[in-house]
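Architecture and fold: a report
Residues per chain, in single letters:
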Amino acid sequence: MRDVTTAQPLDVQPTPLALLLLGREADPRSERGVECPGDLPSPSDPDLVERARVAKEKLGDKVFVLGHHYQRDEVIQFADVTGDSFKLARDAAARPEAEYIVFCGVHFMAESADILTTDAQAVVLPDLAAGCSMADMATAEQVAECWDVLTEAGVADQVVPVSYMNSSADIKAFTGKHGGTICTSSNAKRALEWAFEQGEKILFLPDQHLGRNTAVRDLGLALEDCVLYNPHKPNGGLTAEQLRDAKMILWRGHCSVHGRFSVESVEDVRARMPGVNVLVHPECKHEVVAAADYVGSTEYIIKALEAAPAGSKWAIGTELNLVQRLANRFAAEDKEIVFLDKTVCFCSTMNRIDLPHLVWTLESLAEGKLVNRIEVDPETEKYAKLALERMLALP
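Along each chain, the written sequence defines residue order, and numbers are assigned to residues from 1. With pLDDT at 70 or above as the cut-off, local features in this predicted model cover only qualifying residues; side-chain atom pairs require 80 or more to be listed or tallied, and sums for whole chains, interfaces and linings still use all residues. With hydrogens and water stripped out, all remaining heavy atoms of the structure feed into the side-chain values.

Bringing the pairing of strand S9 (residues 248–251) into the picture now. On S9, burial covers both faces: Met248 and Leu250 on one face and Ile249 and Trp251 on the other are all buried. In short, DSSP must find at least two bridges between two strands for them to pair. Only DSSP runs of H or I reaching four residues or more are called helices, and only runs of E reaching two or more are called strands; each is numbered from the N terminus. Judged from the three bridges that link them, strand S7 (residues 201–205) and S9 form a sheet pairing that is parallel. Its bridge partner lying in S9, Phe204 is registered against Leu250. Where strand S8 (residues 226–229) meets S9, four bridges bridge the pair, whose relative direction is parallel. Within S9, the position partnered with Tyr229 by the bridge is Trp251. Taken together, S8, helix H11 (residues 240–245) and S9 form a β-α-β motif whose crossover is right-handed. For every residue, the accessible area obtained with a 1.4 Å probe (protein chains only) is divided by the maximum for its type, and the residue is called buried under 20%, exposed over 50%, and partly exposed between those limits. The handedness rule is simple: strands pointing away from the viewer, and a clockwise path from the first strand over the helix to the second, make the crossover right-handed.

Taking burial as the measure, the five residues of strand S3 (residues 100–104) include five buried ones, the bulk of the element. As paired strands, strand S1 (residues 63–68) and S3 are joined by five bridges and run parallel to one another. In the sheet register, Gly67 faces S3, and the bridge partner there is Cys104. Pairing of S3 with strand S4 (residues 122–124), which is carried by three bridges, proceeds in the parallel orientation. Within S4, the position partnered with Val102 by the bridge is Val124.

In this structure, Gln121 sits in the loop between helix H5 (107–116) and S4. It is 7.3 Å that separates the C-alpha atoms of Gln121 and Pro96, two residues lying 25 residues apart in sequence. When neighbours within four sequence positions are excluded, Gln121 is seen to be in contact with Ala92, Arg95, Pro96, Ala98, Glu99, Ile101 and Arg373. Within 3.5 Å is the distance limit for a polar contact, defined as a pair of N or O atoms, with the added protein rule that one can donate a hydrogen and the other accept it, and that residues adjacent in sequence qualify only through two side-chain atoms. A polar atom in the side chain of Gln121 sits 3.0 Å from the backbone oxygen of Ala98. Residues count as neighbours in contact if any of their non-hydrogen atoms are within 4.5 Å of one another.

To continue, consider the side chain of Lys335. Along the chain, the position of Lys335 falls in the loop between helix H15 (320–330) and strand S13 (336–339). Judged by relative accessible area, Lys335 falls into the buried class, the value being 5%. At 2.8 Å, the side chain of Lys335 and the backbone oxygen of Leu305 are in polar contact. Not counting residues within four places of it along the chain, the set of residues in contact with Lys335 comprises Leu305, Glu306, Ala308, Pro309, Ala310, Gly311, Ser312 and Phe330.

Should the pLDDT be low somewhere, the predicted coordinates at that spot are not to be read in detail. A residue's pLDDT is the confidence the predictor assigns to it, expressed on a 0 to 100 scale. Mean pLDDT for the chain: 88, with 89% of residues reaching 70 or above. Confidence over residues 1–35 falls short of pLDDT 50; this stretch has 31 contacts with residues more than four positions distant or in other chains.

What follows is about the sheet that holds S13. With parallel pairing, four strands are arranged side by side in an open sheet as S11-S10-S12-S13. Sheet topology places strand S11 (294–295) and S13 at the edges, where each strand pairs with a single neighbour. Bridge count between strand S10 (residues 277–280) and strand S12 (residues 313–317): four bridges; the pairing is parallel. Residue pairing in the sheet places Val280 in a bridge with Gly317 of S12. Along the sheet, H15 makes contact with S12 and S13, crossing S13 at roughly 165°. Axis lines are fitted to C-alpha atoms, over the contacting stretch for helices. Their N-to-C directions set the angle, which ranges from 0 to 180 degrees.

What follows is the structure in structure tokens.
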């Protein structure tokens, strides 16, 4: 038997990412922050709701609070508007009189709001650690290296980048600089159709599942037309011939929440709830989308349930906060709404925005202290805005 008392410690050196996740290092170009520059109120403070209300009332029209659909109920109650990431960024741009835009979402969303609002407005993220694992899966350096691989394969001049809204400002800027556009889960089909009018191939960043589902399900491409570029392998793990033959070059990224749903989840809920309608987000895996009855964006999911007949049953494959909110909202209409997976799964980074962070933010702003401002540098903003404007111009 091995003597654990005398065993030598493993000589393991933590990677930069591991140190970042542990809060022992910081990366200014990362989606994640690591500390809060102030004292947060206690989560057990019974006056948190009242403190938030008072601070927001004191700020008046100077503050505009945006709440993403995946936020906690305790936070969403203070949102002036709710929606998906791009809708909220546009809502912010439509309120130029608001001095402070408090974005209850994640980092890439706040960046998009900063790009679309005026220089006189400050976009604030209540917790700098509220990032997005999907957005983190594509860095500017990795994408630049990918473009070099495409160039060496002799296909770069045929490739149009299309980046999902769930990407950093750096990736949006890369997309704008290389003649591409941004898309949302609602308009991905239109974005891909436009891109194929501009070139023969698409580099889709950073969510492989949305890219694959849109290409195959909506445009009629074959799965064989899609290849997966892995930034952690030499040349993305692909040969020059594979890149030349492909129509869709998918980045190896995914949503940690939507990626959890499986065909087994679909089969299980159908067995438990005869007659159930399975409705999933297009960030889910291709086989899950193929097994579902309906597929659509967050806004599509909400509208589908609004239009659903009384007595209907629904299993929803998207973030749990939204599913629970919809289940409560439509319970009185006798619509049975359940989470597709048996395992509870919130978006962990989205949930970093809690009531203590929101109270700290609003009270700081009410005292004239600007905290946690998200600013995109002018050069990045220039090209990222170009990519966003191409999306807005889509027919």
